Protein chains: 2
Amino acid sequence: MDSSDQLDATFSALAHPARRAILARLAQGEATVNMLAEPFEMSLPAISKHIRVLENAGLIKRGRHAQFRPCTLDTKPLQDIANWTDQYRPIWDARFDAMDQLLNQLKDPHHD
Amino acid sequence: MDSSDQLDATFSALAHPARRAILARLAQGEATVNMLAEPFEMSLPAISKHIRVLENAGLIKRGRHAQFRPCTLDTKPLQDIANWTDQYRPIWDARFDAMDQLLNQLKDPHHD
DNA sequence: TGATTAATTAACGCATTAGTTTATTAGTGG
DNA sequence: CCACTAATAAACTAATGCGTTAATTAATCA
């Protein structure tokens, strides 16, 4: 999987509220599939599939203890998308700077 | 559109390499649909649809000059996803801290 | 006006996604 | 062994996504 495919998989995995909620839950610590499913109206197989999607994107890792498959968060792909968005930070900073300048001008009318 | 739907739309829009490439091009400045389409093998209508997806996600704004519909980048949704990923930053920082500690221990074996 | 250019819409095919219910695998423990 | 729990697989439906080609809208310009 090249890095573009990896970004595809990550963005696509994050494009569903249930999957983002699962990640938020895992930020609190390890959890089983049933624990993860509990807050949702959805069936267990549906959650199982969402977990699979997250796992394929590398966002979660899984262990085995007895008949449980505990899930843990892996933040690596999140760091990758953070780095990706950082490409654009100069642009929104630039706009902010322009706004900042404008505000300063308004506050300090001695400038021309 | 609530903020979760907005995130859905943004992540989903970013989950395609052509759309990310279009954003990268627009980071250089305004461009028409034909200009945006030029680097791709895809048909023009296909690009037109990708642009529509980006526009619906709020990632681009469009103008009108004669028969052209120039596109410009709007970074607001990118800032939103940057803020979203920042939720998880403490976690990967924590892991980095743990790794850092471990490395220090290895370098400095006087610790117990 | 008629030809040309820019872009979108329409109509279609095909693959993928998201959910369901039912069935199955695999491990625990009486 | 049998019953129970955790989780996945199978099979299906409905909706969405991504691409195509052909047709259409809208503006320019000779």
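Parameters and conventions
Residues numbered from 1 in each chain as written. Chains lettered and ligands numbered in written order. Predicted model: local features only at pLDDT ≥ 70, side-chain atom pairs only at ≥ 80, totals over all residues. Heavy atoms only, no water. Helix = DSSP H or I, 4+ residues; strand = E, 2+ residues; numbered from the N terminus. Buried < 20%, exposed > 50% of the residue type's maximum accessible area, 1.4 Å probe, protein only. Contact = heavy atoms within 4.5 Å. Areas by Shrake-Rupley, 256 points an atom, 1.4 Å probe, with all protein chains shown as cover. Near = heavy atom within 4 Å. Polar contact = N/O pair within 3.5 Å; in protein donor to acceptor, adjacent residues only side chain to side chain. Nonpolar A, V, L, I, M, F, W, Y, C, P; charged D, E, K, R; others polar. Least-squares fit on C-alpha atoms with pLDDT ≥ 70 in both. Arc of directions from axis to C-beta. Phe/Tyr/Trp six-rings, centres within 6.5 Å; stacked < 30°, edge-to-face > 60°. Buried area = accessible area lost by both parts, 1.4 Å probe. Salt bridge = Lys/Arg side-chain N within 4 Å of Asp/Glu carboxyl O.

Peer 1: Hey, could you run me through the overall build of chain A in this one?
Peer 2: Each helix and strand counted, chain A has six helices and two strands in total. Start at the N end of chain A and walk to the C end: the helices and strands fall as α-α-α-α-β-β-α-α. Sorting the 112 residues of chain A into buried and exposed places 36% on the buried side. Here the contacts in chain A between residues at least 6 apart in sequence split such that 51% fall between residues at least 24 apart. A total accessible area of about 6900 Å² is found for chain A, and carbon and sulfur atoms account for 52% of it.

Peer 1: Can you help me understand the protein's contact with DNA strand C in this one?
Peer 2: Near DNA strand C, the surroundings consist of 22 residues, among which Lys-49 and His-50 of chain A together with Asn-34, Ser-48 and Arg-62 of chain B are the closest. The contact in question runs from a phosphate oxygen of DNA strand C to an N or O atom on the side chain of His-16 of chain A, over 3.4 Å. Contact distances for DNA strand C include 2.5 Å between a phosphate oxygen and a side-chain N or O atom of Arg-62 of chain B. Every element with two or more residues in the surface near DNA strand C is listed here: helix 4 (44-56) of chain A together with helix 3 (33-37) and helix 4 (44-56) of chain B. It is helix 4 of chain B that provides the largest number of residues to the surface near DNA strand C, a total of five residues. Residue classes in the surface near DNA strand C are distributed as eight nonpolar, eight polar and six charged.

Peer 1: Would you take a moment to explain the relation of the copies chain B and chain A for this structure?
Peer 2: Each of the two chain copies goes to the other by way of a rotation about an axis and a shift along it. Between the two copies, chain B and chain A, the superposition gives an RMSD of 0.0 Å; the rotation angle is 180 degrees and the shift along the axis is 0.0 Å. What we have between these two chains is a two-fold relation. When the interface residues of chain B are mapped onto chain A, 100% of them are again interface residues, pointing to one common binding face.

Peer 1: Mind showing me how you'd approach the protein's contact with DNA strand D here?
Peer 2: Taken together, 21 residues form the shell around DNA strand D, and within it Asn-34, Ser-48 and Arg-62 of chain A together with Ser-43 and His-50 of chain B come nearest. The share of sugar and phosphate among atoms of DNA strand D within 4 Å of the protein is 75%. Arg-62 of chain A is positioned with one of its side-chain polar atoms (N or O) 2.5 Å from a phosphate oxygen of DNA strand D. His-16 of chain B is positioned with one of its side-chain polar atoms (N or O) 3.4 Å from a phosphate oxygen of DNA strand D. Elements represented by at least two residues in the surface near DNA strand D include exactly helix 3 (33-37) and helix 4 of chain A together with helix 4 of chain B.

Peer 1: Would you mind going over helix 5 (residues 76-86) of chain A with me for this structure?
Peer 2: Helical geometry note: an α-helix holds 3.6 residues per turn, so side chains three or four residues apart project in the same direction. When helix 5 of chain A is considered as a whole, its buried residues turn out to be Pro-77, Leu-78, Ile-81, Ala-82, Trp-84 and Thr-85 of chain A. The buried side chains of helix 5 of chain A occupy one side of the element, clustering within an arc of 160 degrees when seen end-on.

Peer 1: Just checking my understanding: could you explain the packing of aromatic side chains for this structure?
Peer 2: By convention here, two paired aromatic rings are described through the distance between centres and the angle between planes. All names here are of chain B. Counted under the stated rule, the structure contains five aromatic pairs over all chains. Aromatic side chains Phe-11 and Trp-84 sit 5.4 Å apart centroid to centroid with 75 degrees between the ring planes, which places their arrangement in the edge-to-face category. With Phe-11 in helix 1 (residues 3-14) and Trp-84 in helix 5 (residues 76-86), this residue pair connects regions lying 73 residues apart in the sequence. Here the two residues Phe-11 and Trp-84 agree in accessibility, since each one is buried. Here Trp-84 and Tyr-88 contribute two aromatic rings whose centre-to-centre distance is 5.2 Å and whose plane-to-plane angle is 50 degrees, an arrangement assigned as tilted.

Peer 1: Any chance you could explain the interface of chain B and chain A here in plain terms?
Peer 2: Interface size is commonly expressed as the accessible surface area that is lost when the partners come together. Counting residues at the interface gives 27 residues for chain B, matched by 27 residues for chain A. For the pairing of chain B and chain A, the buried interface totals around 2400 Å² over both sides, and the portion due to carbon and sulfur atoms is 68%. Taken together, the connections running from chain B to chain A amount to two salt bridges. For Asp-8 of chain B, the salt bridge is made with Arg-20 of chain A, and the minimal N-O distance between the two is 2.7 Å. Summed over the shared surface of chain B and chain A, the number is six residue pairs in polar contact (both at pLDDT 80 or more). Counting only elements with at least two residues in the side of chain B that touches chain A, the list comes to helix 1, helix 2 (17-26), helix 5 and helix 6 (89-107) of chain B.

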